[in-house]
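# Structural description and commentary
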Amino acid sequence: TGESVLKAARRLEKAGAIVYPLKMSGPFHSPLMKEAAHQMENMLREYRYNEPNWPIIANRSAQPYDGGQSTIENLSQQLISPIRWQESIHFLSKQYVTAALEIGPKDVLKFLIKKRKLSEKCKSIFYTLCLP
């Protein structure tokens, strides 16, 4: 229930977590999306993928994709896997990333990255690009 979620959020915040409520239309990043992940995997298999020119960090592993063909597994499995946001940002800060681009109608990631203190070696500049 909504009240149970709020209660859990309060406890997590007291423990130091950053809690940001998201309005979602489905149970994304949970096992409840197993059938959708299977369908997505089948659809993605219809295409061929090139090696990326730059590292792509997978939401589910907080590590770079292992070549172009790992696109299928990473994109389908992220539907049922938890997002490893903190670990992804930590990985990027260790790589001395100095800029990021958020593509979408909102600036949720920009907000989350500002809440997360990056190392002094990584000065965060976050751009938001809104597409129609």
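Provided above is the structure to which this section pertains.
Bear in mind that the values here come from a model prediction, so they are computed numbers and not experimental data.

## Remarks on the overall build of the chain
When its secondary structure is counted, the chain shows five helices and two strands. Moving toward the C terminus, one meets the helices and strands of the chain in the order α-α-α-α-β-α-β. In the chain, which comprises 132 residues, the proportion classed as buried is 23%. For the chain, the share of sequence-separated contacts (at least 6 apart) that also reach a separation of at least 24 residues comes to 63%. When the accessible surface of the chain is totalled, it reaches about 10,100 Å², and 57% of it is carbon and sulfur.

## Things to note about the packing of helix 2 (residues 34-44) against helix 3 (residues 70-77)
Packed helix pairs are characterised by how far apart their axes lie and by the angle those axes make with each other. Direction vectors running N to C along helix 2 and helix 3 enclose 155°, while the axes themselves pass 8 Å from each other. Taken together, helix 2 and helix 3 sit at an angle that is classed as roughly antiparallel. As helix 2 runs across helix 3, the sense of the crossing is right-handed. Listed contacts from helix 3 to Ala37, Met40, Glu41 and Leu44 of helix 2 are Ile72, Leu75 and Ser76. Grouping the amino acids of the contact of helix 2 with helix 3 by side-chain chemistry returns five nonpolar, one polar and one charged.

## Points about a positive patch on the surface
Together, Lys7, Arg10, Arg11 and Lys14 make up a region of like positive charge exposed at the surface. Relative to the helices and strands, Arg11 is located in helix 1 (residues 2-14).

## Re helix 4 (residues 85-94)
Along helix 4, the positions that sit buried rather than exposed are Ser88, Ile89, Phe91 and Ser93. Immediately beyond the C-terminal end of helix 4, within one or two residues, lies Tyr96, with a positive phi of roughly 60°.

## Here's the deal with helix 3
Those residues of helix 3 not exposed but buried are Ser70, Thr71, Ile72, Asn74 and Ser76. Against helix 2 lie the buried residues of helix 3.

## Re a nonpolar patch on the surface
Taken together, the side chains of Tyr20, Leu22 and Phe111 make up a nonpolar region of the molecular surface, amounting to roughly 270 Å² of accessible area. Assignment of secondary structure puts Leu22 in the loop between helix 1 and helix 2.

How each quantity is defined
- Residues numbered from 1 in each chain as written.
- Predicted model: local features only at pLDDT ≥ 70, side-chain atom pairs only at ≥ 80, totals over all residues.
- Heavy atoms only, no water.
- Helix = DSSP H or I, 4+ residues; strand = E, 2+ residues; numbered from the N terminus.
- Buried < 20%, exposed > 50% of the residue type's maximum accessible area, 1.4 Å probe, protein only.
- Contact = heavy atoms within 4.5 Å.
- Areas by Shrake-Rupley, 256 points an atom, 1.4 Å probe, with all protein chains shown as cover.
- Axes fitted to C-alpha atoms, helices over the stretch in contact; angles between N-to-C directions.
- Parallel < 35°, antiparallel > 145°, perpendicular 65-115°, else oblique.
- Left-handed = near helix turned anticlockwise from the far one by under 90°.
- Nonpolar A, V, L, I, M, F, W, Y, C, P; charged D, E, K, R; others polar.
- Patch = residues over 30% accessible without salt bridge, like charges linked within 9 Å, V, L, I, M, F, W, Y side chains within 5 Å.
- Salt bridge = Lys/Arg side-chain N within 4 Å of Asp/Glu carboxyl O.
- Lys, Arg positive; Asp, Glu negative; His and termini not counted.
- Charge placed at Lys NZ, Arg CZ, Asp CG, Glu CD.

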